[in-house]
Amino acid sequence: MQNSIQKPRLTFWQLWNMSFGFFGIQFGFALQNANTSRIFSTLGASPDDLPLFWLAAPVTGLLVQPVIGYLSDHTWHPRWGRRRPFFFFGALLASIAMFLMPNASAVWMAVLVLWMMDAAINVSMEPFRAFVGDKLDSSQQTAGYAMQTFFIGCGAVIASLLPEFFTEVMHVSNVPVNGGIPDSVRFAFYTGGAIYFSAVMWTVLTSQEAPPADMQAFERNRQQAGSVSHAVKEIVAGLLSMPKLMRQLAVVQFFTWIALFAMWIYTTTAIADHLFHVTDAGSQSFQDAANRVGNMFAVYNGVSAIAAFLLPLLARFMAKRLVHALCLAAGGLGLMTLYVIGSADLLWVPMVAVGLAWASILTMPYAMLASVLPADRMGYYMGVFNFFIVIPQILSGLLLGWVTKHWFAGQTIKTLVLGGACMLIAGLISAMISEPEQQKA
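Residues numbered from 1 in each chain as written. Predicted model: local features only at pLDDT ≥ 70, side-chain atom pairs only at ≥ 80, totals over all residues. Heavy atoms only, no water.

1. Re the environment of Ala 353
Item 1. Inspection of the secondary structure assignment puts Ala 353 in helix α14 (residues 348–370).
Item 2. Sequence separation of Ala 353 and Ile 341 is twelve residues, and the distance between their C-alpha atoms is 14 Å. (Helix = DSSP H or I, 4+ residues; strand = E, 2+ residues; numbered from the N terminus.)

What follows is the structure, encoded as structure tokens:
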């Protein structure tokens, strides 16, 4: 299954250039994660309905990721290569969506823009995962994904802090006017849209891709791939022939992403209610709590940027599955600890543990997978792997609102505890994975 062709080792700056686009991608992703519930709530959405509105993101990923992966596997342009055309068009559409999102004047408008933004982010993000498998030998793949994680962390830190930066430093209003989005959030999205496009274009213009080894065979396969029936047959066959490691990681991903989805949906309302004792999204106190959540998200993303360089070192001394298990366990305990935090000044402490988990989530599963996937279908399989990210999010979107209302009496802080428990379960399952020998080296 794995690619045996020896690929040239890339320098640090080549790794930097091919990964820099993720700095921009994460700007969009972090602004979406930290502010979408805030935008929905400000426009009048009930906390019970937030998971349903968030369904736009995972459903889009479910539809877009495998298709984009399949298409990018069968794309080749003499100048732009295989993955870079998708980087460009995805970044362009995502940037446009980021300018539209804070100008939504009703919940339904915000949901529609979220669909557009998440689809565009997926178009540019999925080929980045396959890009590492394309360009790097197995000895550098962990480092390649770690470099992506570093830029993910850096981009997310800055993006998460932007609303408070505009409020505290630039003295931009943080108060909704006539039910509209605060100017601090509006300017943050405008800045993020510009940075998203610029960072992705850096990678497009500074990185090169090697052409297929057998261009004639590639062209024959591409012509076959143009048939709809062939494409459907390929996708179904790929699902049925997933490597064993991929099936095992699917279960880990299931519980991991229930936890993450709960955190992204409910942290704003949970902190506002649990520590600031406010539920009115139109109040100054709620918006201040939302800014504090941005700080929390900056902490976990900042920790992940640092941990990204430590994970490859740790993976030299123990199996990747165990590294992942330990990080997930730390993150699960961190989320559960939010329930007992009594001061807003201490909210950064559990987010350090969440940051360790986030770094591993973005690095270790892909590092484990990369060398057991066929090189000519890397993009497709990375897209299929995204099924096991979006399916738990869809289930969470359908069920978490009901669970929060009927099990926890609307106390969203308890939903975060449930998410922490799911992440602990994911860590336990990761520890039991039967990792191939070559992955342990």
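2. Some details on the side chain of Asn 33
Item 1. Assignment of secondary structure puts Asn 33 in helix α2 (residues 21–42).
Item 2. Take Asn 33: its relative accessible area is 3%, and that puts it in the buried class.
Item 3. Those residues in contact with Asn 33 that lie beyond four places of it in its chain are Trp 54, Trp 264 and Phe 297. (Buried < 20%, exposed > 50% of the residue type's maximum accessible area, 1.4 Å probe, protein only. Contact = heavy atoms within 4.5 Å.)

3. Focus on the side chain of Ser 184
Item 1. Checked against the element boundaries, Ser 184 lands in helix α8 (residues 183–206).
Item 2. A polar contact is formed between the side chain of Ser 184 and the side chain of Asn 174, at a distance of 2.7 Å.
Item 3. When residues no more than four places from it in sequence are discounted, the contact partners of Ser 184 are Arg 38, Pro 163, Phe 166, Thr 167, Val 172, Ser 173 and Asn 174. (Polar contact = N/O pair within 3.5 Å; in protein donor to acceptor, adjacent residues only side chain to side chain.)

4. A look at the nonpolar core
Nonpolar side chains tend toward joint burial in soluble globular proteins.
Item 1. Counting residues in hydrophobic clusters, the biggest one holds 122 residues, and the most contacted among them are Phe 40, Met 246, Met 263, Trp 264, Phe 297 and Trp 358.
Item 2. The element best represented in this core is helix α11 (residues 244–274), accounting for 17 residues.
Item 3. If near-sequence neighbours (up to four positions away) are discounted, Phe 40 is found in contact with Ala 45, Leu 50, Phe 53, Trp 54, Val 107, Ala 110, Val 111 and Leu 114.
Item 4. The next biggest cluster of nonpolar side chains, apart from the first, holds five residues, and it includes Val 278, Ala 281, Phe 286 and Ala 289. (Core = buried A, V, L, I, M, F, W, Y, C linked by side-chain atoms within 4.5 Å.)

5. Some words on a nonpolar patch on the surface
Item 1. A contiguous nonpolar patch, built from Phe 89, Leu 92, Leu 93, Ile 96, Leu 100 and Met 116 and spanning about 510 Å² of accessible area, is present on the exposed surface.
Item 2. Turning to its location among the elements, Leu 93 is positioned in helix α5 (residues 84–100). (Patch = residues over 30% accessible without salt bridge, like charges linked within 9 Å, V, L, I, M, F, W, Y side chains within 5 Å. Areas by Shrake-Rupley, 256 points an atom, 1.4 Å probe, with all protein chains shown as cover. Salt bridge = Lys/Arg side-chain N within 4 Å of Asp/Glu carboxyl O.)

6. Concerning empty space enclosed by the protein
Item 1. Using the criterion set out here, one finds two cavities of 30 Å³ or more in the structure.
Item 2. Empty space within the largest cavity amounts to approximately 350 Å³.
Item 3. Where the lining of the largest cavity is concerned, the elements lending two or more residues are α2, α4 (56–73), α6 (107–135), α11, α14 and α16 (387–406).
Item 4. For the lining of the largest cavity, the element with the most residues is α6, which contributes six residues.
Item 5. Here the residues of the lining of the largest cavity are counted per class, giving 17 nonpolar, eight polar and three charged.
Item 6. Considering only enclosed or pocket space, the second largest cavity measures out at about 40 Å³ in volume.
Item 7. If you trace the second largest cavity, you find it lined by Ala 34, Asn 35, Arg 38, Ser 160, Pro 163, Ala 290, Asn 291, Val 293 and Gly 294.
Item 8. Those elements giving two or more residues to the lining of the second largest cavity turn out to be α2, α7 (138–168) and α12 (284–314).
Item 9. The residue inventory of the lining of the second largest cavity, partitioned by class, reads four nonpolar, four polar and one charged. (1 Å grid on protein atoms, 1.4 Å probe; cavity = no way out; pocket = protein on both sides within 12 Å on 5 of 7 lines; lining within 4 Å. Points joined across faces, edges and corners; volume = space filled by probe spheres on them. Nonpolar A, V, L, I, M, F, W, Y, C, P; charged D, E, K, R; others polar.)

7. As for the environment of Ala 94
Item 1. With respect to the helices and strands, the residue Ala 94 is situated in helix α5.
Item 2. You can call Ala 94 buried: its relative accessible area is 0%.
Item 3. Apart from residues no more than four positions distant in its own chain, Ala 94 is found in contact with Ala 120, Ile 121 and Tyr 196.

8. Side note on the packing of aromatic side chains
Item 1. The full count for this structure, using the stated rule, is 33 aromatic pairs.
Item 2. One aromatic cluster is present, built from ring pairs that chain together Phe 12, Trp 13, Trp 16, Phe 20, Phe 23, Phe 27, Phe 150, Phe 151 and Trp 202. (Phe/Tyr/Trp six-rings, centres within 6.5 Å; stacked < 30°, edge-to-face > 60°.)

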